[in-house]
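Spelled out from the first residue to the last, the chains are:
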Amino acid sequence: MAPAAQIASLLPVPAFPDPASLDPALGAFLHQASDQLCQWWATASERSPLPPLSVLPEVAPGPQGLAPAQLLAELQQVMEGAYNPCHPGALAHLDPPPLTASVVAELVCAGLNNNLLAEELAPSLSRLERQLTGWMAAALGLGAGAGGVLASGGSLSNLMALVVARQRAGLAGHQGAQVLCSVDAHVSLGKALAVMGLPPSALRPLPVDGAGRLRPAALAEALEAARGQGQPVLAVVATAGTTVRGAVDPLAAIAALCRAQGIWLHIDGAIGAVCGLTQGHRQRVAGLELADSITVNPQKLLGITKTSSLLLLAEPERLGACFGTGLPYMEASWGGGHGGEWGLQGSRAAEVLKLWLGLRQLGLAGIEAVVDGAIGRRRYLQRQLEPLGLDLCGGPLHMLAFAPAGASPSQAEAWSAQARQRLLDGQLMLSRPLYGGRHHLKAVLGNPHTTATHLDQLADLVAQSLRNQQP
Ligand SMILES: *Cc1c(COP(=O)(O)O)cnc(C)c1O
């Protein structure tokens, strides 16, 4: 194999950092890239939230490597066509502007190129992950011995939770095992069960009330029926923040039913669990602390750069019991254990670094302010929309979906398509989910740059779209 210096000499750029001296060209390369990014942010409000189709640079590597200037020029071309989350009108999805310290940590994380698979590949970062997951689990009320693992997204956190729950229930390989959740639970649960080798009928979606919350009576009935038919339940999944309207299931009542029957309660708090880190909004997710496991996605509301998700458990050792392989090609753990033994992923980036630095940057007051601002904007928009004659689907968090009152599915489809375009023309981007059989427009108010003026404009455009609606 060619030594690093030789590979570097083949390319007109410092392909690998010099381990013995500071390379001014490398510093200039990083500075330039950082300036370019800062410029992209600083001009975000001049571009649409959703850019038009852009021309991509050459995709395949050329016969010769490129110099930094050309690399940066090509990078710029890709940046021009990127979704623009920093625009104040970017309100469509759970993808807020990035927290600046988490961007810095992301760069450093890449530069360290550690691997959370094993302690010897990430000594300080392995401990950072253990300690931070322990802190967050305790902060959400899971108890002193609680902890967990980071995962590349909430879908993976949910999958791991269900695998652990199934093993705890002794149902591995049981084709009749069921998972009970609400009809508004996240689509990742279906994927998880498919990966687990269970048929689609293993997922039992139960009805919600008028506010989009799982009805405890329906759950009690379903649990009773499952028991009567001898069908084992491997877990109940409650959602703290549903994807369309941000509804929070009645967590305490659900936990009581699970506890009475010894059934694992997983709370999918990908959206709402971060409220549990605040003083002012933790009551919105009351009962979170009663879970056996919780999915938290700091990438969604807090702006930690993607991906950032955690699976937290009251008894985190269960992760090792489920996913441990013994890692025969690694030195034994000397600290808290190998990161690769606590989850499904093997080699993985130390995503904990950007989570940790981002949370340190915010502090508890900053976390409170982010959540408070988002919920405040949702309330404001709700007040503006209330007089317009819409069916409003909201909840206690920072999301609001709406459709014209009484519109048929086809009317709602036509209205939502034209209203979304009208809003986009005004640089306001909302999404258009199908919910309860009808298209809605959905606003996610997690963008801290959105002001009352933007929301007033949004309400005006929605009002116009209703006047223009075809009868
Ligand atoms: C976003 C979301 C997920 C999935 O998270 P990813 O990071 O997109 O994989 C799971 N559950 C809920 C409620 C979500 O909103």
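All of these numbers come straight from a predicted model, not from anything done at the bench. (Residues numbered from 1 in each chain as written. Predicted model: local features only at pLDDT ≥ 70, side-chain atom pairs only at ≥ 80, totals over all residues. Heavy atoms only, no water.)

### Side note on the site of the ligand
- Residues in contact with the ligand amount to 14 residues; listed here are only the nearest, Gly154, Ser155, Asp268, Gln299 and Lys300.
- Between Ser155 and the ligand, the recorded distance is 2.7 Å, taken from a side-chain N or O atom to an oxygen atom.
- Between Thr243 and the ligand, the recorded distance is 3.5 Å, taken from a side-chain N or O atom to an oxygen atom.
- Considered on its own, the ligand offers 380 Å² of accessible surface; in the complex 86% of this is hidden by protein.
- It is helix α6 (residues 154-168) that contributes the most residues to the shell around the ligand, three residues altogether.
- Its residues assigned to classes, the shell around the ligand comprises two nonpolar, 10 polar and two charged. (Near = heavy atom within 4 Å. Polar contact = N/O pair within 3.5 Å; in protein donor to acceptor, adjacent residues only side chain to side chain. Areas by Shrake-Rupley, 256 points an atom, 1.4 Å probe, with all protein chains shown as cover. Helix = DSSP H or I, 4+ residues; strand = E, 2+ residues; numbered from the N terminus. Nonpolar A, V, L, I, M, F, W, Y, C, P; charged D, E, K, R; others polar.)

### Digging into the packing of aromatic side chains
- The final tally for this structure, using the stated rule, is one aromatic pair.
- Over the face of the ring belonging to Trp342 we find Arg130, whose NZ or CZ atom lies 3.5 Å from the ring centre. (Phe/Tyr/Trp six-rings, centres within 6.5 Å; stacked < 30°, edge-to-face > 60°. Lys NZ or Arg CZ within 6 Å of the ring centre and 35° of its normal.)

### A short note on a nonpolar patch on the surface
- A contiguous nonpolar patch, built from Leu30, Val104, Leu107, Val108 and Leu112 and spanning about 440 Å² of accessible area, is present on the exposed surface.
- For the nonpolar patch, the element with the highest residue contribution is helix α4 (residues 100-112), accounting for four residues.
- If you trace the backbone, Leu30 turns up in helix α2 (residues 24-42).
- Residue Leu30 is classed as partly exposed on the basis of its relative accessible area, which comes to 43%. (Patch = residues over 30% accessible without salt bridge, like charges linked within 9 Å, V, L, I, M, F, W, Y side chains within 5 Å. Salt bridge = Lys/Arg side-chain N within 4 Å of Asp/Glu carboxyl O. Buried < 20%, exposed > 50% of the residue type's maximum accessible area, 1.4 Å probe, protein only.)

### Regarding the sheet that holds strand β8 (residues 390-393)
- Spatial ordering of the open sheet is given by β8-β9-β12, a layout of three strands whose pairing is antiparallel. On the outer flanks of this sheet lie β8 and β12 (441-444), each paired with one strand and no other. Taking the axes of each pair of neighbouring strands and ignoring which way they run, one obtains an average angle of 20 degrees across the sheet.
- In this sheet, strand β9 (residues 399-404) lies alongside β8 in antiparallel orientation, the contact comprising four bridges. The residue of β9 that forms the bridge with Cys393 is Ala401.
- Running at roughly 40 degrees to β12, helix α12 (residues 409-425) makes contact with β9 and β12 of the sheet. (Pairing = 2+ DSSP bridges. Axes fitted to C-alpha atoms, helices over the stretch in contact; angles between N-to-C directions. Contact = heavy atoms within 4.5 Å.)

### Regarding the environment of Asp18
- Within the secondary structure, Asp18 sits in the loop between α1 (4-10) and α2.
- Residue Asp18 is classed as partly exposed on the basis of its relative accessible area of 38%.
- Of the polar contacts made by the side chain of Asp18, one reaches the backbone nitrogen of Ala20; its length is 2.8 Å.

### As for the domain arrangement of the protein
- Partitioning the protein into domains gives domain 1 (48-55 + 64-85), domain 2 (106-360) and domain 3 (365-467).
- Just the C-alpha atoms count here: the centres of domain 2 and domain 3 sit 29 Å apart.
- If you look at the interface, domain 2 gives 24 residues, while domain 3 gives 21 residues.
- Together domain 2 and domain 3 conceal approximately 1,900 Å² of surface at their shared face, both sides included; 66% is due to carbon and sulfur atoms. (Domains from an automatic or database assignment. Buried area = accessible area lost by both parts, 1.4 Å probe.)

### Considerations on the side chain of Gln36
- Checked against the element boundaries, Gln36 lands in helix α2.
- If we skip the residues at most four places from it in the chain, Gln36 touches Leu72, Leu75, Gln76 and Met79.

### Details of empty space enclosed by the protein
- According to the stated counting rule, one finds two cavities of 30 Å³ or more in the structure shown.
- By volume, the largest cavity is sized at about 70 Å³.
- Counted by class, the lining of the largest cavity contains five nonpolar, four polar and two charged residues.
- Its boundaries defined by the atoms lining it, the second largest cavity holds a volume of some 40 Å³.
- Taken together, Leu116, Ser126, Glu129, Arg130, Val149, Gly337, Gly339 and Trp342 form the lining of the second largest cavity.
- The element contributing the most residues to the lining of the second largest cavity is helix α5 (residues 123-139), with three residues.
- Residues belonging to the lining of the second largest cavity are distributed by class as follows: three nonpolar, three polar and two charged. (1 Å grid on protein atoms, 1.4 Å probe; cavity = no way out; pocket = protein on both sides within 12 Å on 5 of 7 lines; lining within 4 Å. Points joined across faces, edges and corners; volume = space filled by probe spheres on them.)

### Describing the pattern of salt bridges
- Enumeration according to the criterion identifies eight salt bridges in this entry.
- Here Lys306 makes a salt bridge to Asp95, at a shortest N to O gap of 2.9 Å. Of this pair, Lys306 sits in the loop between β6 (293-296) and β7 (309-313) while Asp95 sits in the loop between α3 (68-80) and α4; the two residues are 211 residues apart in sequence, bridging distant segments of the chain.
- When the shortest N-O distance is used, the salt bridge between Asp391 and Arg438 registers 2.9 Å. With Asp391 in strand β8 and Arg438 in strand β11 (residues 438-439), the pair connects residues that are 47 residues apart, well separated along the chain.
- For Asp391, a relative accessible area of 28% corresponds to the partly exposed category.
- Here Arg438 falls in the buried class, since its relative accessible area comes to 15%.

### Concerning the nonpolar core
- Within the largest apolar cluster, 61 residues are counted, with the highest numbers of intra-cluster contacts made by Val236, Leu288 and Val296.
- In terms of residue count, helix α11 (residues 352-385) provides more of this core than any other element does, nine residues in total.
- Filtering out sequence-adjacent residues up to four positions away, Val236 remains in contact with Leu180, Leu219, Leu223, Ile254, Cys258, Ile263, Trp264, Leu265 and His266. (Core = buried A, V, L, I, M, F, W, Y, C linked by side-chain atoms within 4.5 Å.)

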